[in-house]
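Listed here are the chains, written in short residue letters.
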Amino acid sequence: MTNIRRKCLAGASMGAIIAGVALGASQAAAETPSASVGTPTVAEVLVTAQKRTENVQEIPLAITAVSSHVLETRQIANAGELERIAPGLLSVPTNPVEAQLVIRGVGAVNTFAGGDPGVPIHLDGHYLQAPSFILHDMLDVSRVEVLRGPQGTLYGRNAIGGNVNIVSNAPTSDFEGRVTAGIGNYRERDLAVVLSGPISSAVTGRIAISRGAHDGYIKNISPKAPKKRLADDDYINTRAILKFRLSDALEATLSGFYYKNQTIGFAYRTLGNPVAVGGPTFALLPATYINPTNADPLKVRQDSPNVGSDMARGVSLDLTWSVGDFQLKSLTQLTNTKNNFQIDLDSTDASPRVEYGVRSDYDTISQEIQANYSKESLNAVGGLFYYHEKSKYYRFFQADPSVYGVDFAYSYDPAPTLMDDSYGVYANGDYTFASGWKLTAGARYSLDRKSMFRGYQVRVAGGVIQQIVTDQKQDWGKFTGRVAVSHKLTGEVNVFGSVSTGYKAGGYNALGTTQIAYDPETVVNYELGLKGEFLDRRLRINADVFQADYKNKQELVKLTGAGALNEVVISNSGGATIKGVEVETSAILGEYVALDVNAAYLDATYDSLVSADALRPALGNIDLKGNRIPYSPKWKIGVSGTLKLPIPDRYGRSSLNASYTWTDSVYSAFFNRRGAAADLGWTDYVPARDTLDISADWLSADGSWNAVVFVKNLQNNVDLIQTVPSYHGLQQVSYTDPRTFGMRVSRIF
């Protein structure tokens, strides 16, 4: 009870601080004279978070919006690195070729085929079910918008934790281009080409191509190693856009992308002493065998390849018809994604081989119709949405039957095929009153129809012992909505309060044998916020306080007792409560210095959850109420700054940049194990981590040349980011990348 009171007092105190800042700063802004001409100010950022173009400061939502200039200055090349500038956002690896985004502790449990993300990514307004290429290389981006909290009204049933919008640069009416070449340590070599301009009087186009590679960060010290360097990279990424002016009122945009990575950029690593674990997997290891990862996370000793590839391609067609205050838009997209990997699951070179691999294939079609109306004090948008997905998932697990006495091989016939048809209808609008108050309201109905068909066989000593044929279909539907009230205290200061609901569809567990389907989860989010610009727009402060109440939260659990399943299943827990505070500030400190600071506090715990622990079966079903939700750091802080060098204009412009991020400790599982005696040595605990990036850039006086030198992870901190107990008695672990440095030179024309 004492802890609860302290947390409530802390939340109330932070809420009071934000309210005080709003009142005090708004008075200061009202009393400050206008800025003189030429005085630097914080940059205005326009976003389309509500399906129309608006100033981010006018929207009653928690949004981090950054331009391409900021992304380049902070050396942010992919969506996973957005965690360095967006409070409450983490990037978490899910398998060797994919990762997921987590906002405010909310992500996805089912990261395999048939599941849905908790934080979806949209590229130019189109939903991406398998966005691994964006998490690797965003390529030729105009801006990025990170929306925090449930976005069920405008973005659908799976945006329960938030949403990320990636907006590409559009074709230009004048010819322009850019060629960038880069080199770095680990033999990094990069080349990117962007060309844009008119093709005819009514057609403009843009194409961007990037090619990148580097050697592996991890050494395989085994003399039997098929590859001496692991976690390497070798990819190509392409995006092309054609824009057609069909008439004064009608415009068409045809876009396409293609991405292929020849490697998986990953190495399966474990912590622990395999000799002490013993058992069939490690019985043949010599007593002197040492796991090199225990002493150096950048070393492994494996006799099997860590191989894989990732491919994504897609095409979209957008039609926009504008007449006066009305706009009608059609967005159509088709995508296909294939990825696969194979890893050395025993992670040694002297024990019987244990191999594990996965192949996934996603085909999607989406169609959305939007209608926008905007006139004076009224803005409204409504739409219809359809999404179809056909995904296949195949995995294999191979071990020597003569060692284990069991043939673990299993097969799918046919492979799991999961189908998803999702329908949505939505409306959202806002009205601004003369008194400075604004009311925003919206609602959506989502209907999901999912099915799974597969055959599943498991063999023991060559004989079939279990055969399961699954042919299931199920529908889920839900209304979600949002109401927000905002008030403009001054011309530059807004406060808002909102209540929003979110919903993530149920689905099928492609890995399950007995329990297959699981139900939707829902959330109600309450939020208060401030958005203000002060001191003649040299200081921007955005802050929010929120509480999210989750029901039927989807979790991976294992139950024991009569009739319980001897497998890990996806089930629905009773619920969870997530409370927090987020602050983002930008300041112009004179003519030469700019500073950005963001901070987030998060209190994310389960209200009710019961699960058995396969690693501690004697405990039976464990009551986990009060445990922290995985990947929900209590504190996360980011500081970045730019120092413009006072050099004469004839020599161009140059600046020094630094970015520091500190992320508090997290748990990678809801058991919250810390390696204590009661945990039998097992741990889910990931210590706090930090990183410092620095760079220097130069732009020629005529703007035709640009050069950047950079260092990422200056401290060379190879920090733990995930630890998961593995089947063989060791901890499977993932780490941040080591220090990298290099330079890039661009010719701009």
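Here, residues in each chain are numbered from 1, in the same order as that chain's written sequence. Whole-chain, interface and lining totals are the exception, using all residues; otherwise, since this is a predicted model, local features are given only for residues with pLDDT of at least 70 and side-chain atom pairs are given and counted only at 80 or more. Only hydrogens and water are set aside when side-chain values are computed; all heavy atoms of the structure are taken into account.

### Quick notes on the overall build of the protein
Summing up its helical and strand segments, the protein has six helices and 46 strands in all. Across the 749 residues of the protein, 55% fall into the buried class. Contact between two residues is taken to exist if any of their heavy atoms lie within 4.5 Å; hydrogens are not considered. For the protein, contacts bridging at least 24 residues in sequence account for 67% of all contacts bridging at least 6. Numbering of helices and strands runs from the N terminus, with a helix taken as a DSSP run of H or I at least four residues long and a strand as a DSSP run of E at least two residues long. Each residue is assigned to one of three classes by its accessible area relative to the maximum for its type, calculated with a 1.4 Å probe on protein chains only: buried under 20%, partly exposed between the two thresholds, exposed over 50%.

### Here's the deal with the side chain of Glu368
Looking at the secondary structure, you find Glu368 in strand β21 (residues 354-375). In protein, a polar contact means a hydrogen-donor-capable atom and an acceptor-capable atom, both N or O and within 3.5 Å, with residues adjacent in sequence counting only if both atoms are side-chain atoms; elsewhere, any N or O pair within 3.5 Å suffices. Polar contacts involving the side chain of Glu368 include one to the side chain of Gln370, which spans 3.5 Å. When sequence neighbours within four positions are dropped, the list of residues in contact with Glu368 reads Lys51, Gly125, Lys329, Ser330, Leu331, Leu384, Phe385 and Tyr426.

### As for empty space enclosed by the protein
Lining residues are those with an atom within 4 Å of a point, where the points come from a 1 Å grid over the protein atoms alone and group into cavities, where a 1.4 Å probe fits but cannot get out, or pockets, open sets with protein on both sides within 12 Å along at least five of seven lines. Grid points are joined across faces, edges and corners, and a volume is the space filled by probe spheres set on the points. In the structure shown here, the tally under the stated rule is 16 cavities of 30 Å³ or more. Reported here for the largest cavity is a volume of approximately 310 Å³. Lining the largest cavity are 23 residues, with Ala99, Gln100, Pro117, Gln129 and Pro131 sitting closest to its centre. Classifying every residue of the lining of the largest cavity by side-chain character gives 13 nonpolar, eight polar and two charged. Here the nonpolar group is Ala, Val, Leu, Ile, Met, Phe, Trp, Tyr, Cys and Pro; Asp, Glu, Lys and Arg are the charged ones; every other residue, Gly included, is treated as polar.

### A word on the environment of Tyr186
When you line up the elements, Tyr186 lands in the loop between β10 (176-184) and β11 (188-198). In the structure, Tyr186 is positioned 554 residues away from Thr740 in sequence and 7.8 Å away in space, judged by C-alpha atoms. With residues near it in sequence (within four places) discarded, Tyr186 still touches His214, Asp215, Gly216, Tyr217, Arg229, Pro738, Arg739 and Thr740.

### A word on the sheet that holds strand β18 (residues 299-300)
The three strands are arranged β14-β13-β18 in an open sheet whose pairing can be described as mixed. The open sheet has two edge strands, β14 (229-230) and β18, and neither has a second partner. Relative to β18, strand β13 (residues 218-220) runs parallel, the two sharing two bridges. Paired with Lys219 across the two strands is Lys299, which belongs to β18. Paired strands, as defined in this entry, are two strands with at least two bridges between them according to DSSP.

### A few points about the sheet that holds strand β6 (residues 121-123)
Adjacent strands of a sheet form backbone hydrogen bonds with each other and so pair up, either parallel or antiparallel. Strand order in the open sheet formed by five strands is β3-β8-β9-β6-β7, and the pairing between neighbours is mixed. With one partner strand each, in any of the chains shown, β3 (62-67) and β7 (126-128) form the two edges of the open sheet. Between one strand axis and the next, the sheet turns through 20° on average, direction left out of account. As defined by bridge partners, β6 adjoins strand β9 (residues 162-168) across three bridges and the pair is classed as parallel. Bridging across to β9, His122 finds its partner in Asn165. Lines fitted to the C-alpha atoms define the axes, with helices restricted to the stretch that makes contact. Angles between their N-to-C directions range from 0 to 180 degrees.

### Some thoughts on the environment of Leu384
Residue placement: Leu384 occurs in strand β22 (residues 378-399). Sequence separation between Leu384 and Ala371 is 13 residues; the distance between their C-alpha atoms is 9.2 Å.

### Notes on unusual backbone geometry
In this structure, Glu376 takes a positive phi of about 55° despite not being glycine. Relative to the helices and strands, Glu376 resides in the loop between β21 and β22. At Leu680, a position not held by glycine, the phi torsion is positive, near 55°. Position of Leu680 among the secondary structure elements: in the loop between β40 (666-667) and β41 (685-686).

### Some points on the pattern of salt bridges
By definition, a salt bridge exists where a carboxyl oxygen of Asp or Glu is found within 4 Å of a side-chain nitrogen of Lys or Arg. All told, the structure shown has 38 salt bridges when counted by the stated rule. One salt bridge in this structure joins Asp140 and Arg206, with 2.7 Å as the shortest N-O distance. Taken together, the residues Asp140 in the loop between β7 and β8 (141-148) and Arg206 in strand β12 (residues 203-214) connect sequence positions 66 residues apart. Taken as a pair, Asp140 and Arg206 share a single burial class, namely buried. Here Lys553 makes a salt bridge to Glu555, at a shortest N to O gap of 3.0 Å.

### Observations regarding the packing of aromatic side chains
Aromatic pairs are defined between Phe, Tyr and Trp rings, using the six-membered ring for Trp, whenever the two ring centres lie within 6.5 Å; interplanar angles under 30 degrees are classed as stacked, those over 60 as edge-to-face, and all others as tilted. Applying the stated criterion to the full structure yields 16 aromatic pairs. Taking the centre distance of 6.2 Å and the plane angle of 35° together, the rings of Tyr235 and Tyr259 count as tilted. Separated by 24 residues along the polypeptide, Tyr235 in strand β15 (residues 233-245) and Tyr259 in strand β16 (residues 250-261) bring together distant segments of the chain. For Tyr259, a relative accessible area of 1% corresponds to the buried category. Between the aromatic rings of Tyr386 and Tyr423, the centroid separation amounts to 5.3 Å while the plane-to-plane angle is 45°, which identifies the pairing as tilted. Of this pair, Tyr386 sits in strand β22 while Tyr423 sits in strand β24 (residues 417-432); the two residues are 37 residues apart in sequence, bridging distant segments of the chain. Taking the relative accessible area as the measure of exposure, Tyr423 reaches 34% and is therefore partly exposed. Members of the aromatic cluster, each reached through a chain of ring pairs, are Phe133, Tyr235, Phe257 and Tyr259. Over the face of the ring belonging to Tyr685 we find Arg674, whose NZ or CZ atom lies 3.7 Å from the ring centre. Two conditions define a charge located above a ring, namely a distance within 6 Å from the ring centre to NZ of Lys or CZ of Arg, and an angle within 35 degrees of the ring normal.

### Remarks on the environment of Phe341
Mapped onto the fold, Phe341 is located in strand β20 (residues 326-344). For the pair Phe341 and Val358, spaced 17 residues apart in sequence, the C-alpha to C-alpha distance is 5.6 Å.

### A short note on the confidence of the model for the protein
Taken residue by residue, the protein gives an average pLDDT of 87. The fraction at 70 or more is 88%. Segment residues 1-37 is flagged for pLDDT under 50; beyond a separation of four residues in sequence, or across chains, it makes 31 contacts in the model. Values of pLDDT, ranging from 0 to 100, describe the predictor's confidence in every residue of the model. Long-range and interchain partners of residues 560-566, a stretch whose pLDDT sits below 50, account for nine contacts in this model, where long-range means more than four residues apart.

### Section: the pairing of strand β46 (residues 740-748)
When β10 meets β46, the two strands line up antiparallel, connected through seven bridges. Opposite Arg178, over in β46, you have Ile748 as the bridge partner. Bridging between strand β43 (residues 705-712) and β46 involves eight bridges; their strand directions are antiparallel. Bridge pairing in β46 places Val711 opposite Phe741.

### Regarding the nonpolar core
To qualify as a nonpolar core, a set must consist of buried Ala, Val, Leu, Ile, Met, Phe, Trp, Tyr and Cys residues joined through side-chain atoms within 4.5 Å. Leu82, Ile121, Ile134, Met138, Val144, Val164 and Ile166 are the most contacted members of the largest nonpolar core, which has 27 residues in total. Counting residues per element, the ones that place at least two in this core are β5 (98-103), β6, β8, β9 and β16. For this core, the element with the most residues is β8, which contributes three residues. Not counting residues up to four positions away in its chain, the partners in contact with Ile134 are Asn78, Ala79, Ile121, Leu123, Leu128, Ile166 and Arg239. In this structure, Ala113, Phe341, Ala510 and Ile516 belong to the second largest nonpolar core, which totals 22 residues.

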